[in-house]
Amino acid sequence: MAHMTLGSVFNSDGHPHPLPNTLAAITAVLGPVALILSLWHGMHLPASWIGLAGIVTGGWGQLISATTAERFVLVIGLGAAATGFYLAMAHGGLFGGVLG
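Residues numbered from 1 in each chain as written. Predicted model: local features only at pLDDT ≥ 70, side-chain atom pairs only at ≥ 80, totals over all residues. Heavy atoms only, no water.

A. Main features of the packing of helix 2 (residues 18-38) against helix 3 (residues 44-64). The geometry of helix 2 relative to helix 3 is characterised by a closest axis approach of 8 Å and an angle of 150° between their N-to-C directions. With respect to helix 3, the axis of helix 2 lies roughly antiparallel. The hand of the helix 2/helix 3 crossing is left-handed. Contacts between helix 2 and helix 3 involve Leu-19, Pro-20, Leu-23, Ile-26, Thr-27, Leu-30, Val-33, Ala-34, Leu-37 and Ser-38 from the former and Pro-46, Ala-47, Ile-50, Gly-51, Ala-53, Gly-54, Thr-57, Gly-58, Trp-60, Gly-61 and Ile-64 from the latter. Looking at the contact of helix 2 with helix 3 residue by residue, the class counts come to 14 nonpolar, seven polar and no charged. (Axes fitted to C-alpha atoms, helices over the stretch in contact; angles between N-to-C directions. Helix = DSSP H or I, 4+ residues; strand = E, 2+ residues; numbered from the N terminus. Parallel < 35°, antiparallel > 145°, perpendicular 65-115°, else oblique. Left-handed = near helix turned anticlockwise from the far one by under 90°. Contact = heavy atoms within 4.5 Å. Nonpolar A, V, L, I, M, F, W, Y, C, P; charged D, E, K, R; others polar.)

As structure tokens, this is what we get:
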């Protein structure tokens, strides 16, 4: 029985996709981090920047993704990053308290 690796799941078409896979992994980390940080009082600055980075990496990954598995991970990470970003924006935003 052959064992499955993360690369074989993401590269279900048989071709390697290192950039989309990397963007999916980065988005999968940034999204939950932004979401969790946005729930803590006073952590809106890092949460908003991390969420924005997750939105950018996830959006870029969606544009160049080649397989359904990549898109699935990207959508979940994007949802978490966007939710964390918007909650952080509601509590002070990208520059809240630092500028002005």
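Read on for the rest.
B. Representation of the side chain of Thr-57. In this structure, Thr-57 sits in helix 3. The class for Thr-57 is buried, based on a relative accessible area of 15%. Among the polar contacts listed, one links the side chain of Thr-57 to the side chain of Thr-27, at a separation of 2.9 Å. Here Gly-54 takes part through its backbone oxygen, which lies 3.2 Å from a polar atom of the side chain of Thr-57. Thr-57 has contacts with Leu-23, Ile-26, Thr-27, Leu-30 and Leu-74, leaving out every residue within four places of it along the chain. (Buried < 20%, exposed > 50% of the residue type's maximum accessible area, 1.4 Å probe, protein only. Polar contact = N/O pair within 3.5 Å; in protein donor to acceptor, adjacent residues only side chain to side chain.)

C. Broad picture of the packing of aromatic side chains. This model, assessed by the stated rule, comprises two aromatic pairs. Here the aromatic rings of Trp-49 and Phe-95 are separated by 5.5 Å at their centres, their planes lie at 75°, and the arrangement is edge-to-face. With Trp-49 in helix 3 and Phe-95 in the segment after helix 4 (68-90), the pair connects residues that are 46 residues apart, well separated along the chain. Between Phe-85 and Tyr-86, the aromatic rings sit 5.2 Å apart at their centres with planes inclined by 65°, giving edge-to-face as the arrangement. Residue class for Phe-85 comes out buried when judged on its relative accessible area of 10%. With a relative accessible area of 56%, Tyr-86 lands in the exposed category. (Phe/Tyr/Trp six-rings, centres within 6.5 Å; stacked < 30°, edge-to-face > 60°.)

D. Representation of helix 2. Over its 21 residues, helix 2 runs 30 Å from end to end, which matches the ideal 30 Å to within 8%, given 1.5 Å per residue. All of the buried residues in helix 2 are Pro-20, Asn-21, Leu-23, Ala-24, Thr-27, Gly-31, Ala-34, Leu-37 and Ser-38. (Expected span 1.5 Å × (residues − 1).)

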